[in-house]
Amino acid sequence: MRSRISKAIFPVAGLGTRFLPATKSVPKEIMTLVDRPLIQYAIDEARAAGIKEFIFVTSRGKSALEDYFDSAPQLEQELKRKGKDDLLEILRSTTMDSGAIAYIRQQKPMGLGHAVWCARRLIGDEPFAVILPDDVIAAEKPCLQQMVEAHAEVGGNMVAAMEVPTAKAASYGLLDVAEDMGALVRMRGMVEKPQPEDAPSNLAAIGRYILTPSIMRNLNRIKSGAGGEIQLTDAIAEEVRRSDNVYGYRFRGQRFDCGSKAGFLQATVAFGLARDDLCEEFGEYLRDMMAIPAAAQ
Ligand code: G1P
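For the structure given in this document, a descriptive report is provided here.

### Digging into the site of the ligand
Part 1: Looking at the ligand, there are 13 residues lining it, with D135, G173, E192, K193 and A205 nearest.
Part 2: One of the side-chain N or O atoms of D135 is found 2.7 Å from an oxygen atom in the ligand.
Part 3: Note that an oxygen atom of the ligand is positioned 3.3 Å from one of the side-chain N or O atoms of T233.
Part 4: For the ligand, the protein covers 77% of the area, taking 380 Å² as the surface of the free molecule.
Part 5: Among the cavities detected, the one that contains the ligand is the largest pocket.
Part 6: Per element, the largest residue contribution to the shell around the ligand is 3 residues, and it comes from strand β11 (residues 203-211).

### Examining the nonpolar core
Part 1: In this structure, F10, I39, F54, F56 and L144 are the most contacted members of the largest nonpolar core, which totals 39 residues.
Part 2: If we ignore the near neighbours within four places in the chain, the residues touching F54 are A8, F10, I43, A46, R47, M96, A100, I101 and A102.
Part 3: If you look at the next biggest cluster of nonpolar residues, it comprises 33 residues, including I55, V57, V185 and I236.

### Focus on unusual backbone geometry
Part 1: The omega torsion of the bond from L20 to P21 falls at 5°, within 30 degrees of zero and hence cis.
Part 2: With respect to the helices and strands, the residue P21 is situated in the loop between β1 (7-11) and β2 (32-33).
Part 3: A positive phi angle, near 60°, is found at V34, a position not held by glycine.
Part 4: Judged by relative accessible area, which is 29%, V34 ranks as partly exposed.
Part 5: With phi around 45°, K193 is a residue other than glycine that occupies positive phi space.
Part 6: K193 sits in the partly exposed class, given a relative accessible area of 39%.

### Observations concerning a nonpolar patch on the surface
Part 1: A contiguous nonpolar surface patch, about 460 Å² in accessible area, is contributed by Y285, M289, M290 and I292.
Part 2: The topology assignment puts M289 in helix α11 (residues 279-296).
Part 3: By relative accessible area, M289 is classed as partly exposed at 40%.

### Quick word on helix α10 (residues 261-273)
Part 1: For α10, spanning 13 residues, the distance from its first C-alpha to its last is 18 Å, which sits close to the expected 18 Å at 1.5 Å a residue.
Part 2: Those residues of α10 not exposed but buried are G263, F264, A267, F271 and G272. All buried residues of α10 lie within an arc of 160° about the axis, which places them on one face of the element.

### Comments concerning the pattern of salt bridges
Side chains that differ in charge, positive against negative, can pair when their charged atoms come close.
Part 1: Applying the stated criterion across every chain, the model contains 20 salt bridges.
Part 2: Between R208 and E45 there is a salt bridge; the shortest N-O distance is 2.7 Å. Taken as a pair, R208 in strand β11 and E45 in helix α1 (residues 38-48) lie far apart in primary sequence, 163 residues in all.
Part 3: A residue is classified by how much of its surface remains accessible, and R208, at 2% relative accessible area, is buried.

### Focus: the environment of G83
Part 1: Looking at where G83 falls in the secondary structure, it is placed in the loop between α3 (73-81) and α4 (85-93).
Part 2: A sequence separation of 13 residues divides G83 from D70, and the C-alpha atoms of the two residues are 22 Å apart.

### With respect to the layout of surface pockets
Part 1: Estimates place the volume of the largest pocket at around 1,200 Å³.
Part 2: Secondary-structure elements contributing two or more residues to the lining of the largest pocket are α5 (112-117), β11, α9 (232-242) and β13 (254-257).
Part 3: It is β11 that provides the largest number of residues to the lining of the largest pocket, a total of 4 residues.
Part 4: For the lining of the largest pocket, the per-class residue count stands at 16 nonpolar, 13 polar and 12 charged.

Conventions we followed
Along each chain, numbering runs from 1 in the same order as the chain's sequence is written. Selection of residues for local features in this predicted model requires a pLDDT of at least 70, selection of side-chain atom pairs for listing and counting requires 80 or more, and totals for whole chains, interfaces and linings are taken over all residues. As a rule here, side-chain values cover all heavy atoms of the structure and leave hydrogens and water aside. Any residue with a heavy atom lying within 4 Å of a molecule or strand is counted as near it. Each polar contact in these results corresponds to two N or O atoms within 3.5 Å; when the atoms are within protein, one needs to be able to donate a hydrogen and the other to accept it, and residues that are neighboring in sequence are counted only if both atoms are side-chain atoms. Computed with a 1.4 Å probe, the accessible areas rest on the Shrake-Rupley method; for each residue, only the protein chains presented here act as cover. Definitions used for this entry: grid spacing 1 Å over protein atoms alone; cavity, a set of points where a 1.4 Å probe fits but cannot get out; pocket, an open set with protein on both sides within 12 Å along at least 5 of 7 lines; lining residue, one with an atom within 4 Å of a point. Molecule-in-pocket calls rest on the fraction of atoms, with more than half required to lie within 2 Å of the cavity or pocket grid points. By definition, any uninterrupted DSSP run of H or I lasting at least four residues is a helix, any uninterrupted run of E lasting at least two residues is a strand, and each is numbered from the N terminus. Joining through side-chain atoms within 4.5 Å is the link that ties buried Ala, Val, Leu, Ile, Met, Phe, Trp, Tyr and Cys residues into a set, and such a set is a nonpolar core. Only protein chains enter the accessibility calculation, which uses a 1.4 Å probe; a residue is then buried when its area is under 20% of its type maximum, exposed when over 50%, and partly exposed in between. Only heavy atoms matter for contacts: two residues are in contact if any of them lie within 4.5 Å across the pair. Residues enter patches when their relative accessible area tops 30% and they take part in no salt bridge; the joining distance is 9 Å for like charges and 5 Å for the nonpolar side chains Val, Leu, Ile, Met, Phe, Trp and Tyr. A side-chain nitrogen of Lys or Arg and a carboxyl oxygen of Asp or Glu constitute a salt bridge if their distance falls within 4 Å. An expected span of 1.5 Å times one less than the residue number is assigned to each helix. Taking the helix axis as origin, the arc is that swept by the directions to the C-beta atoms. Grid points are joined across faces, edges and corners, and a volume is the space filled by probe spheres set on the points. When residues are sorted by character, Ala, Val, Leu, Ile, Met, Phe, Trp, Tyr, Cys and Pro go into the nonpolar class, Asp, Glu, Lys and Arg into the charged class, and all the rest, Gly among them, into the polar class.

In short, the description is geometric, and any link to function would need to be established separately.
Pasting the structure below:
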């Protein structure tokens, strides 16, 4: 029996400059898809995968995140008084148990690898998950749960993966594939944000990882890489050099890049249409919108 994955790291220290001016005072992770902040989708996915300890790597200006997960007695009282039990229920689902959540500060923006490394003492000597809340994945079975199940079979290190157009290589960590087994691929390397001509494949890492503590040890040693930052990709590539059980996992689901404006809008449309209380009105609006250019021709 492989060890259970009970801890997850959420790197949320980024400044979110692509969403300025919104992110001047609101952490990007609090921005909402319909009516739930990005971070709530990530937390729900982690919970579904059996995660019990949530480690946030934050930075200055992110205190709204801490408030979001705290209890809100005044609001609760008010909803109780008005008999709004449905809203009360929603509100309570956002509160994290004391001791289940920890915040660590990444004091300098030194990259994703550095952010993960900041949580090393809380991780200790057990495998852990990493979830990048920018990558929102709509799936029947949540992506991390799919990975935890696959990991129970093969162990090692695992990166969520998805085919992307070669022209987009410079936006991703790209996997070098040694053996393609369908959903699982065995890796022989990984390169962070290569130029398209240098991409080892068009299989890109997406923001879900299951990693062993040896990745933390690699992060202790590696130097800055792409973009002058300490890259998680480089620590994983280092691991591949020493072991043959580093995998990519082609998850089933649709990924939205909510770190980009276009991706965020696409996710808003998809999640809006998926909601029972909105799909009719919103769907009708979209159909009308789509009909306008056709009618004009
Ligand atoms: C990060 C990782 C990259 C991965 C991507 C997925 O990049 O460094 O390897 O492909 O997330 O979203 P970022 O998008 O934070 O620049």
